[in-house]
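Notes for the structure review
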Amino acid sequence: MAQLRELALPSADEEIWRYSRIDALDPTAFEVESAQTEVSGGENYVTRGASAAVLAEPDVFAELNTEHQSTLVVEVPRGATVDEPIVITHTSRPGTASFPRTVLRVGENAEVTVIERFASASAGPALVAPVLSAEVAPAGRLTYLAVNDVDLEAWQIGHQLVVGDRDSSVRLSTVTLGGYYTRVRTEVRSSGQGASTKQVALYFAGGDQMHDFRVIQDHDAPHTSSDLLFKGAVQDRARSVYTGLITIREHARGSAAYQTNRNLTLSDGAWAESVPNLDIRTNDVKCSHASTVGPIDDDQRFYLESRGVPPETAERLVVLGFFEEVLDQLPSGQLADELRAAVADKLNLQGGAS
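Residues numbered from 1 in each chain as written. Predicted model: local features only at pLDDT ≥ 70, side-chain atom pairs only at ≥ 80, totals over all residues. Heavy atoms only, no water.

Things to note about the side chain of Gln259
Counted only if it meets this: Labels follow the DSSP assignment, with helices taken as runs of H or I lasting at least four residues and strands as runs of E lasting at least two, numbered in each case from the N terminus. Relative accessibility under 20% of the residue-type maximum defines a buried residue, over 50% an exposed one, and the middle range a partly exposed one, all with a 1.4 Å probe and only protein chains included. It only takes one pair of heavy atoms within 4.5 Å for two residues to be counted as in contact.
Note that Gln259 resides in strand E20 (residues 256-265). Among the residues examined, Gln259 registers a relative accessible area of 1% and is labelled buried. Residues contacting Gln259, with those up to four places away along its chain left out, are Gln217, Leu228, Tyr242, Gly244, Leu245, Ile246, Pro276, Asn277, Leu278, Ser288, His289 and Ala290.

Right, here's the structure in full:
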């Protein structure tokens, strides 16, 4: 294993890192070691070990991923359909810095579902800096789910870079429950006419956790569409950040883009920030953005309590119902059931709202 080189880290004074905990990270505390990666399903389409370039390197963590990449390539040829989900699980050890790189290449009129899970071998600080790079050819169909459940002392700083060509369909899902500081920067570019993107996310932070999402919906062709729904909850002293940007370029007329971010604050000491943005450079488009941050709705609580539901149970039911809209859209029914149980366990562990 090798020590991470000393980094010129970004600063929380930079807009893209605003509200983050980046000033508290000491990369020299970790030694470079590849995460243990297991794959099930679709083995004929998976290649391990070879280095692979990605669509962009937006910051120093993506550059480090290039330097230390542990790469897995999923390539689905033209016209092929992968019948079962390809499940990739990365498990990192405490004290290490790992750099998983997953490259997805979906051919013309091909279809695949990929589920990528991030976990810790045991308790303790670690740094995980994954990169997802996906290219979807004309009429290709990609469904992708990332589940971030690393240890509560771990840092995870990841990037998702996706380009969809003409008439492609991309569905991206993220579920984040773990990590001391977990950040995902997602950039999706619709580069071909008729490309469509759907994004959903569920995040739930407790204790001293922080979950941080930076999302770019980039319309780079006419008659493209994107729809985003992110739902989060924070309790105890936890924090969350959502910053979203819809960009519709000059030549992307006839496009439609929507972004919605909803947040529940379940404790007095919890804090959530929601910053939606629009960059519209042409007319003849449909766009909207919405964000909310606040406690559980009193009317919902009263409705349940008036029918004999105890207050603690009422809050639990409201939170689970709040997330159900996202859970219903995840690609694997069995996995959705597991995540539903994990959310319920977290409510029990933290003692619910206070």
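Quick notes on the packing of aromatic side chains
Put simply, the test is: Between rings of Phe, Tyr and Trp, where Trp is taken as its six-membered ring, a pair exists when centres lie within 6.5 Å; planes separated by under 30 degrees are stacked, by over 60 edge-to-face, and by other angles tilted.
Counting across every chain of the model gives nine aromatic pairs. Where Tyr19 meets Trp271, the ring centres are 5.8 Å apart and the plane angle is 50°; that geometry is what we call tilted. Linking Tyr19 in the loop between strand E1 (2-3) and strand E2 (31-32) with Trp271 in strand E21 (residues 271-280), this pair joins segments that are 252 residues apart in sequence. When its relative accessible area of 22% is taken as the criterion, Tyr19 is described as partly exposed. When the ring of Tyr203 is compared with that of Phe213, the centres are 4.7 Å apart and the planes differ by 40°; the resulting orientation is tilted. Taken together, the residues Tyr203 in strand E16 (residues 196-205) and Phe213 in strand E17 (residues 210-219) connect sequence positions 10 residues apart.

Structural notes on the nonpolar core
Short version of the rule: Among buried residues, the Ala, Val, Leu, Ile, Met, Phe, Trp, Tyr and Cys ones that are joined through side-chain atoms within 4.5 Å form a nonpolar core.
Counting residues in hydrophobic clusters, the biggest one holds 28 residues, and the most contacted among them are Leu202, Phe204, Leu266 and Phe323. Of all elements in the fold, only strand E12 (141-149), E16, strand E18 (225-234), helix H3 (311-327) and helix H4 (333-350) reach the threshold of two or more residues within this core. A per-element tally of this core places H3 first, with seven residues. Those residues in contact with Phe323, other than ones at most four positions away along the chain, are Leu202, Tyr203, Phe204, Lys231, Gly232, Ala233 and Val343. Listed in part, the 23 residues of the second largest apolar core include Val46, Ile86, Leu104 and Ala146.

A look at the environment of Leu152
Within the secondary structure, Leu152 is located in the loop between E12 and strand E13 (155-164). When sequence neighbours within four positions are dropped, the list of residues in contact with Leu152 reads Gly178, Gly179, Tyr180 and Gln209.

Some remarks on H3
Short version of the rule: In a helix, the anticipated span is given by 1.5 Å times the number of residues less one.
Here H3 contains 17 residues, and its C-alpha end-to-end distance of 24 Å stays within 8% of the 24 Å for a straight helix at 1.5 Å per residue. Here H3 has its buried residues at Ala314, Glu315, Val318, Val319, Phe322, Phe323, Val326 and Leu327.

Describing the pattern of salt bridges
Put simply, the rule is: The rule for a salt bridge is simple: a side-chain nitrogen of Lys or Arg has to be within 4 Å of a carboxyl oxygen of Asp or Glu.
The tally for this structure, following the rule as stated, stands at 19 salt bridges. Of the charged contacts in the structure, one is a salt bridge between Glu33 and Arg93, with a shortest N-O distance of 2.8 Å. With a gap of 60 residues between them, Glu33 in the loop between E2 and strand E3 (36-40) and Arg93 in the loop between strand E6 (86-92) and strand E7 (96-98) connect regions that are remote in the sequence. Residue classification places Arg93 among the partly exposed positions, given a relative accessible area of 42%. Beyond isolated ion pairs, a larger network of salt bridges with shared partners links Arg189, Asp218, Asp220 and Arg249.

Here's the deal with the sheet that holds strand E14 (residues 169-176)
Put simply, the rule is: Two strands pair under a simple rule: DSSP has to find at least two bridges between them. Orientation is described by lines fitted to C-alpha atoms, with helices fitted over the stretch in contact, and by angles between N-to-C directions that extend from 0 to 180 degrees.
Read from one edge to the other, the open sheet built from nine strands follows the order E3-E6-E9-E12-E14-E16-E18-E20-E22, with strand pairing classed as mixed. The sheet terminates laterally at E3 and strand E22 (286-294), the two strands that pair on one side only. For this sheet, the mean angle separating the axes of adjacent strands, direction not counted, is 10°. Note: E3 against E6, five bridges, orientation antiparallel. Looking at E6, one finds that Glu38 is bridged to Thr89. Packed onto the sheet, H3 meets E16, E18 and E20 and runs at close to 155° relative to E18.

Side note on the pairing of E17
The side chains of a regular strand alternate, first on one face of the sheet and then on the other. Within E17, nine of the 10 residues are buried, leaving the element largely enclosed by the surrounding structure. As paired strands, strand E15 (residues 181-190) and E17 are joined by 10 bridges and run parallel to one another. Looking at the pairing, Arg189 lines up with Asp218 of E17. Strand direction decides the pairing type here: E17 and strand E19 (residues 239-248), joined by 10 bridges, are parallel. When the sheet's bridge partners are listed, Val215 is paired in E19 with Gly244.

As for unusual backbone geometry
Comment: phi is negative for the bulk of residues other than glycine, and the bulk of peptide bonds are trans. Of note in the backbone geometry, Asn109 takes a positive phi value of approximately 55° without being a glycine. By the secondary structure assignment, Asn109 is in the loop between strand E8 (100-106) and strand E9 (111-120). With relative accessibility at 40%, the residue Asn109 sits in the partly exposed group.

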